[in-house]
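# Secondary and tertiary structure notes
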Amino acid sequence: GIGTEAPDKPLTIVSTANAHIHLLAADSSAVGAIMGFDGGGTTLSYIGSIYDNNASRFDIRMKGYASSDAKLTVLGSGNVGIGDSSPDSLLHLEASTPILTFKDSDTSGVNFGGGIEFKDSAGVKRYSMSLVSGDAHLDMQSAAKKIKLTTADGNGLIIDSTGKVGIGTTAVDEMLHLESATAS
């Protein structure tokens, strides 16, 4: 023990404020390096790399050691979970009201914006959604493709590569093609 004559873990560091830092030994079901932070006997958080169930992971957990306490998880596959300890995609966000925020740090107020780009395996931009100087942009970079805002039945608004617009149809025949199941 450091700062104590009665350590309760293999290595216990006690500060004058009774805060503890523990390096925890692996149990029989998992192998890893875990650093836990306790305060007043209550687990506040831990950071650790664990190998269990034939999969490696790195977690940052708050208010406990349980999987449900994980706030950030990186799996051996590279999948990252924020609010999800078992991410099934490259980036998985989970919360009761998940909001992804992009904030422009340019304080000049001239070219405020941001966006998301989708690129192919060669790194060529194929599609982007962005905000440029206050205007929303949906850009399709690939010829013969369409921009679609669709409903559950597949209909909605379609803009094809020639600039034709269809509303309520997936087969756009004119510059503006409107179609409705009802006459109204």
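These lines cover the structure that appears in this document, whether it is placed above or below. Since the structure is predicted, the reported quantities are computational estimates derived from the model, not experimental observations.

### With respect to the sheet that holds strand E10 (residues 125-132)
Read across the open sheet, the 3 strands follow the order E9-E10-E11; overall the sheet is antiparallel. If you trace the sheet from one side to the other, it starts and ends with strand E9 (113-119) and strand E11 (135-140), each paired once. Along the sheet, successive strands turn relative to each other by an average axial angle of 5 degrees, direction set aside.

### A word on the packing of aromatic side chains
Enumeration over the complete set of coordinates arrives at 1 aromatic pair. Arranged with centres 5.6 Å apart and planes meeting at 45 degrees, the rings of Phe 118 and Tyr 127 form a pair that is tilted.

### With respect to a nonpolar patch on the surface
Taken together, the side chains of Ile 82, Leu 90, Leu 91, Leu 93, Leu 100 and Phe 102 make up a nonpolar region of the molecular surface, amounting to roughly 620 Å² of accessible area. Within the secondary structure layout, Leu 90 lies in the loop between strand E7 (80-82) and strand E8 (91-93).

### Here's the deal with the pattern of salt bridges
Considering all chains together, one arrives at 5 salt bridges under this definition. A salt bridge links Asp 59 to Arg 57, with the shortest nitrogen-to-oxygen separation between them at 3.0 Å. Of the two residues, Asp 59 and Arg 57, neither departs from the other in class, the shared state being buried. Taking the shortest distance from any N to any O, the salt bridge between Asp 59 and Arg 61 comes out at 2.4 Å. Note on accessibility: Asp 59 and Arg 61 belong to one class, buried. Salt bridges linked by common partners bring Arg 57, Asp 59 and Arg 61 together as one network.

So, how was this worked out
Residues numbered from 1 in each chain as written. Predicted model: local features only at pLDDT ≥ 70, side-chain atom pairs only at ≥ 80, totals over all residues. Heavy atoms only, no water. Pairing = 2+ DSSP bridges. Helix = DSSP H or I, 4+ residues; strand = E, 2+ residues; numbered from the N terminus. Axes fitted to C-alpha atoms, helices over the stretch in contact; angles between N-to-C directions. Phe/Tyr/Trp six-rings, centres within 6.5 Å; stacked < 30°, edge-to-face > 60°. Patch = residues over 30% accessible without salt bridge, like charges linked within 9 Å, V, L, I, M, F, W, Y side chains within 5 Å. Areas by Shrake-Rupley, 256 points an atom, 1.4 Å probe, with all protein chains shown as cover. Salt bridge = Lys/Arg side-chain N within 4 Å of Asp/Glu carboxyl O. Buried < 20%, exposed > 50% of the residue type's maximum accessible area, 1.4 Å probe, protein only.

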